[in-house]
Amino acid sequence: MKQFEKGSYNLDYSTYQLSGLVVLRVLIGWHFLYEGIAKLLNPYWSSAAYLLDSKWLLSGLAETIVSDPVLLSISDYVNMWGLTLVGASLLLGLFSQYTALIGMGFVILYYLFAPPFLGLEFSKPGEGSYLIVNKNLIEACALWVIYSFPTSHIIGLDRFFSNLDSN
Amino acid sequence: MSDNTNQDNKTNTDRRELLKGLATVPVFGLFLVNLWRKMRRDALKKSNLLADLFQEKSAPTVISSLPDSRHLNLGIIGYGGRGSHLVRGAGFATKGWTNAASENARKNKLDKGFETFMQQEDLNVSLIGVCDLFDVRADQGIDASKNEVRPGGKPLESATRYRHHEELLKNDDIDAVIIATPDHWHAQIAMDAANAGKHVYCEKGLTRTFDEAIDLYDTVQRTGITFQLGHQNRQVEANEKAKQIIRQGLLGDINLVELATNRNSPWGAWVWDIHPEGNRILI
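Our subject in this report is the structure included herewith. All values reported here derive from a predicted model rather than from experimental measurement.

## Side note on the overall build of chain B
Item 1. On a plain count of helices and strands, chain B comes out with ten helices and six strands.
Item 2. Counting every position in chain B, which comprises 283 residues, the buried fraction comes to 24%.
Item 3. Sequence-distant contacts in chain B: of pairs separated by 6 or more residues, those separated by 24 or more amount to 70%.

So, in structure tokens, the structure goes:
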């Protein structure tokens with residue numbers, strides 16, 4: 001078995017492993033892509049509502065962003081386009097290893113802006129029941145897996161850009 | 001032979017390369033197809049909703065400018081707080097009001113009072129009679145009838161002052177009256193006006209008693225005048241729209257209606273001070 005090296009492609013997967021990882025990558029890509037496009041298509045969408053309900057460590061930062069129109073508009077654009085591009089990248093397998101990290105950054109921020117911790121009350125009811133662990137945290141971990149076990153050089157457009165000689 | 005095999009192998013490898021590289025592109029295509037379907041469905045849902053909302057039997061009445069041959073002469077009976085408001089709705093405001101409103105608009109761009117007044121339809125009317133017991137109020141009414149700052153520009157005529165509504169009703173040049181006296185006078189003055197052949201816009205409440213209401217109804221029927229009671233909220237488009245929305249079942253069955261009004265101030269309850277120069281001796 002080949003040695004795992006961070007950021008390298010020196011991994012051999014069984015078909016099952018590869019299928020699982022690619023499906024995970026594609027599904028998360030789909031999710032990001034639609035989250036981004038839905039925001040792009042909605043002229044009334046703004047990150048303000050989410051930020052205004054922020055609790056814990058980053059609530060001060062959230063307030064700063066919401067109270068400054070320029071920062072808020074940057075936050076909106078970064079979210080809309082960030083999610084869209086990360087999504088398309090994961091789905092198509094183009095630069096996926098890097099965008100997996102960026103995507104992980106996004107969901108970790110979403111988690112930290114509104115963590116389901118004991119004693120924090122949010123005005124918007126959640127769609128499920130969470131104690132410390134929520135779907136954002138799990139998606140962040142899933143993206144960590146996608147970063148650590150890259151697949152786009154095997155199944156994905158990255159295949160045309162890298163490692164052509166290795167397979 | 002071996003060359004051919006090599007060639008075949010290479011072609012197969014190339015094809016496999018291509019397929020693996022593009023393996024998830026169909027998923028992207030599937031995403032786009034579903035995105036398009038969702039967008040179309042949402043747009044359809046929205047347009048259906050809007051179509052339901054805007055299904056109107058008729059558009060709200062808009063009075064366009066009347067030709068000169070249909071110029072109407074108005075009289076106001078009771079030029080107090082409400083009376084002056086109604087007369088402004090007909091296109092006549094005192095110089096004091098237009099000066100203050102334009103000054104407010106100059107100071108605050110969000111203050112649209114003056115703009116709204118100036119942009120209302122020119123109803124092709126003149127205010128030629130003002131009936132009020134209070135000299136100050138009557139003078140203000142006459143001032144309003146002359147004010148050139150109004151939709152339609154300089155008024156054709158100015159108003160004559162009357163101390164009794166019967167005197168005003170004797171003026172044959174007056175086509176219609178606005179009645180904005182204290183409530184207990186509404187029915188009597190409205191019937192007198194109808195009998196004098198004047199069309200009537202009468203403030204609410206209409207009458208004090210049921211019998212008065214019947215009398216007034218009969219008088220209006222007999223004289224054939226046009227009568228409107230000042231329930232202006234009935235004509236507000238928002239209320240019409242709300243009625244349509246409920247009728248069309250967009251809200252489902254209504255099982256609770258909550259209403260609230262807040263008039264917890266003397267101003268809100270229409271307890272207004274008498275003008276300092278009001279001739280109190282008559283009260």
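## Remarks on the overall build of chain A
Item 1. Along its length, chain A carries six helices and zero strands.
Item 2. In sequence order, chain A lays out its α and β elements as α-α-α-α-α-α.
Item 3. Burial status across chain A gives 31% buried among its 167 residues.
Item 4. A separation of at least 24 residues holds for 72% of the contacts in chain A among residues at least 6 apart in sequence.

## Topic: the pairing of strand E2 (residues 125-131) of chain B
Residues and elements named next belong to chain B.
Item 1. The buried fraction of E2 amounts to seven of the seven residues, a majority that puts the element mostly inside the structure.
Item 2. For strand E1 (residues 72-77) and E2, the ladder comprises six bridges, and the chain directions are parallel. Counterpart to Leu72 in the pairing with E2 is Val125.
Item 3. Pairing analysis gives three bridges linking E2 to strand E3 (residues 160-162), with the strands arranged parallel.

## Here we look at the environment of Lys95 of chain B
Residue and element names in this part refer to chain B.
Item 1. Structurally, Lys95 is set in helix H4 (residues 95-107).
Item 2. When the 14 C-beta atoms within 10 Å are taken as the criterion, Lys95 is described as partly exposed.
Item 3. Once residues within four sequence positions are removed from consideration, Lys95 is found in contact with Asp143 and Asn147.

## Digging into the packing of helix H4 (residues 69-92) of chain A against helix H5 (residues 96-113) of chain A
Residue and element names in this part refer to chain A.
Item 1. Running from amino to carboxyl end, H4 crosses H5 at an angle of 140°, the nearest separation of the two axes being 9 Å. As the angle between them shows, H4 and H5 are arranged oblique. Pair H4 / H5 crosses with left-handed handedness. Taking contact as the criterion, the partners of Gly82, Leu83, Val86, Ser89 and Leu90 in H4 are, on H5, Ser96, Thr99, Ala100, Ile102, Gly103 and Phe106.
Item 2. Taken together, the residues that form the contact of H4 with H5 break down as six nonpolar, five polar and no charged.

## Looking at the environment of Lys170 of chain B
All names here are of chain B.
Item 1. Assignment of secondary structure puts Lys170 in helix H7 (residues 165-170).
Item 2. Looking at Lys170, the number of C-beta atoms within 10 Å reads 12, which means it is exposed.
Item 3. Here the alpha-carbon distance between Lys170 and Gly197, two residues 27 residues apart in the chain, equals 10.0 Å.

## Side note on helix H10 (residues 237-247) of chain B
Item 1. Along H10 of chain B, only zero of the eleven residues are buried, which leaves the element largely exposed.
Item 2. Of the residues one or two after H10 of chain B, Gly249 of chain B is the one with positive phi, at around 75°.

What counts, and at which threshold
For every chain, the first residue of the written sequence is number 1, and numbering continues from 1 along that sequence. All chains are assigned letters beginning at A, and all ligands numbers beginning at 1, according to the order in which they are written. Two thresholds apply to this predicted model, a pLDDT of at least 70 for residue-level local features and 80 or more for giving and counting side-chain atom pairs, whereas whole-chain, interface and lining totals are computed over all residues. A run of H or I in DSSP becomes a helix once it reaches four residues, and a run of E becomes a strand once it reaches two; helices and strands are each numbered from the N terminus. Any residue whose C-beta has 12 or fewer other C-beta atoms within 10 Å is treated as exposed, any with 20 or more as buried, and any in between as partly exposed, C-beta atoms being built from the backbone. Residues are defined as contacting one another if the C-beta atoms placed from their backbone atoms lie within 7 Å. When DSSP locates at least two bridges between a pair of strands, those strands are taken to pair. Think of each axis as a best-fit line through the C-alpha atoms, taken over the contacting stretch in the case of a helix, with angles from 0 to 180 degrees between the N-to-C directions. Angular relationships are summarised with four words: roughly parallel below 35 degrees, roughly antiparallel beyond 145, roughly perpendicular across 65 to 115, and oblique for the angles in between. Crossings are classed by handedness, with left-handed meaning an anticlockwise turn of the near helix from the far one by less than a right angle and right-handed meaning a clockwise turn. The nonpolar class holds Ala, Val, Leu, Ile, Met, Phe, Trp, Tyr, Cys and Pro. Asp, Glu, Lys and Arg form the charged class, and all remaining residues, Gly among them, are polar.

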